[in-house]
Amino acid sequence: MERTEVVDAVYDACVELLKADRASLTEATTFAEDLDADSLDLVEVVMSLEDRFDLKIPEDDLEGVETIGQAVDMVVARASDAAST
Amino acid sequence: MTAARPALVTGGGRGIGRAIAVALAAAGHPVAVGYQTGKQEADDVVAEIVAAGGQAMPAAMDVTDEASVDDAVTAVERELGPIAVLVNNAGITDDGLFIRMDTDRWRRVLATNLDGAFTVTRRVTPGLVKARWGRIVNVSSVVGLLGSAGQANYAAAKAGLIGLTRSLARELAPRNITCNVVAPGPVATAMTDALPDARRAALAAAVPLGRFAEPAEVAAVVAFLCSDPAAYVTGAVVPVDGGLGMGH
């Protein structure tokens, strides 16, 4: 899986679910402060990524995920785990 | 008026659940009648709803089994569309004095009455969150508030439903999902028919209104909580108990 594909997916989720302005998003964008997302918002973003990439992301992976870049890393790591098993 | 949103009623084949399924169908909801053991009864409820011009289907599920719940909800959503209304009604009793209550008896009642509500709600909730609309009603009991000699397991489970519901009400409120409890008192069902006559008479005498409820009287309150006009009611414990639990 290409990292850029995951970045696009996270941007899509932020636009659709958090009503973010796509042009303003970067990997440094924070969910809580920049996008005013609460914990349930973040879970929704994760659920949409799970659906899109047919992955299961354990609850523990969400610990410490604050930025779009970190969310991308989380998905990439899980996808490579899934691919190697 | 209430839009026709698919509903799932667990334990919908008999007693209070049956009345709830019929009431929701009458309000225009396509209804999945969840059942575990009484297939014929569930089929009868479905037939009754369909004969009255409604839409319904039976849904075999064991609420204590995650895979069974997953299969059933998947089948329901394939046929009726995404579930928007969930009534956790499935429940059992297995009464006995606490001092003689073994762990199996305790666990069995908790597993169906409390864990079952968790499992079904957990399966249905992501869809409600996505839809930004939902109604969850958990059927508790006045004994969850008052306690009941010989029913420590049942009362604990029914009290647990209140904590579950109110936590969900807080978590899901931002997604326009309301979560409420109805707490019936004694209701005329097969469950209470099994009680000795003297016990039934004593129960009725303890109720200010002096009688058992009809299942339809509980169902009417549930149907209201599932309706559009109930949009501002969440985290409520609504007694339908003839006054038995007043002040609790």
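Here, the structure is the one placed above.
Residues numbered from 1 in each chain as written. Chains lettered and ligands numbered in written order. Predicted model: local features only at pLDDT ≥ 70, side-chain atom pairs only at ≥ 80, totals over all residues. Heavy atoms only, no water.

Undergrad: Is there a simple way to think about the overall build of chain B in this case?
TA: What chain B contains, in helices and strands, is 9 helices and 7 strands. Here the C-alpha radius of gyration of chain B, 17 Å, is about what a compact globule of 248 residues would show, namely 18 Å. Considering only C-alpha atoms, chain B reaches an extent of 45 × 35 × 35 Å along its principal axes. Relative to all contacts within chain B whose residues are 6 or more apart in sequence, the contacts with residues 24 or more apart total 73%. When the 21 basic and 23 acidic side-chain charges of chain B are each reduced to a single mean position, those positions are 6 Å apart. (Helix = DSSP H or I, 4+ residues; strand = E, 2+ residues; numbered from the N terminus. Rg over C-alpha atoms; globule rule 2.2 N^0.38 Å. Contact = heavy atoms within 4.5 Å. Lys, Arg positive; Asp, Glu negative; His and termini not counted. Charge placed at Lys NZ, Arg CZ, Asp CG, Glu CD.)

Undergrad: Hey, could you run me through the packing of helix 1 (residues 15-26) of chain B against helix 2 (residues 39-51) of chain B in this one?
TA: Residues and elements named next belong to chain B. At a minimum axis distance of 10 Å, the contact between helix 1 and helix 2 shows a crossing angle of 25°. The orientation of helix 1 relative to helix 2 falls into the category roughly parallel. Considering only the axes of helix 1 and helix 2, their crossing is right-handed. Touching Arg18, Ala21, Val22 and Ala25 of helix 1 are Glu41, Asp44, Val45, Glu48 and Ile49, all from helix 2. Considering only residue class, the contact of helix 1 with helix 2 consists of 5 nonpolar, no polar and 4 charged. (Axes fitted to C-alpha atoms, helices over the stretch in contact; angles between N-to-C directions. Parallel < 35°, antiparallel > 145°, perpendicular 65-115°, else oblique. Left-handed = near helix turned anticlockwise from the far one by under 90°. Nonpolar A, V, L, I, M, F, W, Y, C, P; charged D, E, K, R; others polar.)

Undergrad: When you look at the interface of chain B and chain A in this model, what are you seeing that I'm missing?
TA: It is common to give the size of an interface as the accessible area that goes away when the parts come together. Taken together, the contact between chain B and chain A spans 7 residues of the former and 7 residues of the latter. Note on chain B versus chain A: buried area summed over both sides is about 580 Å², and carbon and sulfur give 49% of it. A per-residue breakdown of the area chain B buries against chain A is headed by Lys130, Arg132 and Arg175 of chain B, which together make up 63% of the total. As a salt-bridge pair, Arg132 of chain B and Glu44 of chain A come within 2.7 Å of each other at their nearest N and O atoms. Where chain B touches chain A, the interface holds 4 residue pairs in polar contact (both at pLDDT 80 or more). If you list the elements that add at least two residues to the side of chain B that touches chain A, you get helix 4 (103-131) and helix 6 (152-172) of chain B. (Buried area = accessible area lost by both parts, 1.4 Å probe. Salt bridge = Lys/Arg side-chain N within 4 Å of Asp/Glu carboxyl O. Polar contact = N/O pair within 3.5 Å; in protein donor to acceptor, adjacent residues only side chain to side chain.)

Undergrad: What is the right way to look at the sheet that holds strand 1 (residues 7-9) of chain B in this model?
TA: In a beta sheet, neighbouring strands are held together by backbone hydrogen bonds and run either parallel or antiparallel to one another. Residue and element names in this part refer to chain B. If you trace the 7 strands from one edge of the open sheet to the other, you get 3-2-1-4-5-6-7, paired in parallel fashion. Only two strands of the sheet have a single partner each, and these edge strands are strand 3 (56-60) and strand 7 (237-240). Sheet twist, expressed as the average angle between the axes of neighbouring strands with direction ignored, equals 20°. Bridge count for strand 4 (residues 85-88) against strand 5 (residues 134-139) is 4 bridges, and the pairing is parallel. Considered in strand 5, the bridge of Leu86 is made with Ile136. Against the sheet, helix 1 engages strand 1, strand 2 (31-35), strand 4, strand 5 and strand 6 (177-184), with an angle of about 165° to strand 1. Along the sheet, helix 2 makes contact with strand 2 and strand 3, crossing strand 3 at roughly 165°. (Pairing = 2+ DSSP bridges.)

Undergrad: How should the packing of helix 1 (residues 3-18) of chain A against helix 2 (residues 39-53) of chain A be read in this particular structure?
TA: Residues and elements named next belong to chain A. Running from N to C, helix 1 and helix 2 cross one another at 130°; their axes reach a closest spacing of 10 Å. Considering the angle they form, helix 1 stands oblique to helix 2. Here the hand of the crossing between helix 1 and helix 2 comes out right-handed. Facing Glu5, Val6, Ala9, Val10, Asp12, Ala13, Leu17 and Leu18 of helix 1, the residues of helix 2 in contact are Asp41, Glu44, Val45, Ser48, Leu49, Arg52 and Phe53. Per-class residue counts for the contact of helix 1 with helix 2 are 9 nonpolar, 1 polar and 5 charged.

Undergrad: Would you take a moment to explain empty space enclosed by the protein for this structure?
TA: To find leftover empty space, one rolls a probe the size of a water molecule over the atoms. Residue and element names in this part refer to chain B. This structure, assessed with the given rule, holds 1 cavity of 30 Å³ or more. Put simply, the largest cavity is a space of about 60 Å³. Lining the largest cavity are 13 residues; nearest its centre among them are Asn88, Asn89, Ala90, Asn113 and Ala117. Elements represented by at least two residues in the lining of the largest cavity include exactly helix 4 and helix 6. In terms of residue count, helix 4 provides more of the lining of the largest cavity than any other element does, 5 residues in total. Its residues assigned to classes, the lining of the largest cavity shows 6 nonpolar, 6 polar and 1 charged. (1 Å grid on protein atoms, 1.4 Å probe; cavity = no way out; pocket = protein on both sides within 12 Å on 5 of 7 lines; lining within 4 Å. Points joined across faces, edges and corners; volume = space filled by probe spheres on them.)

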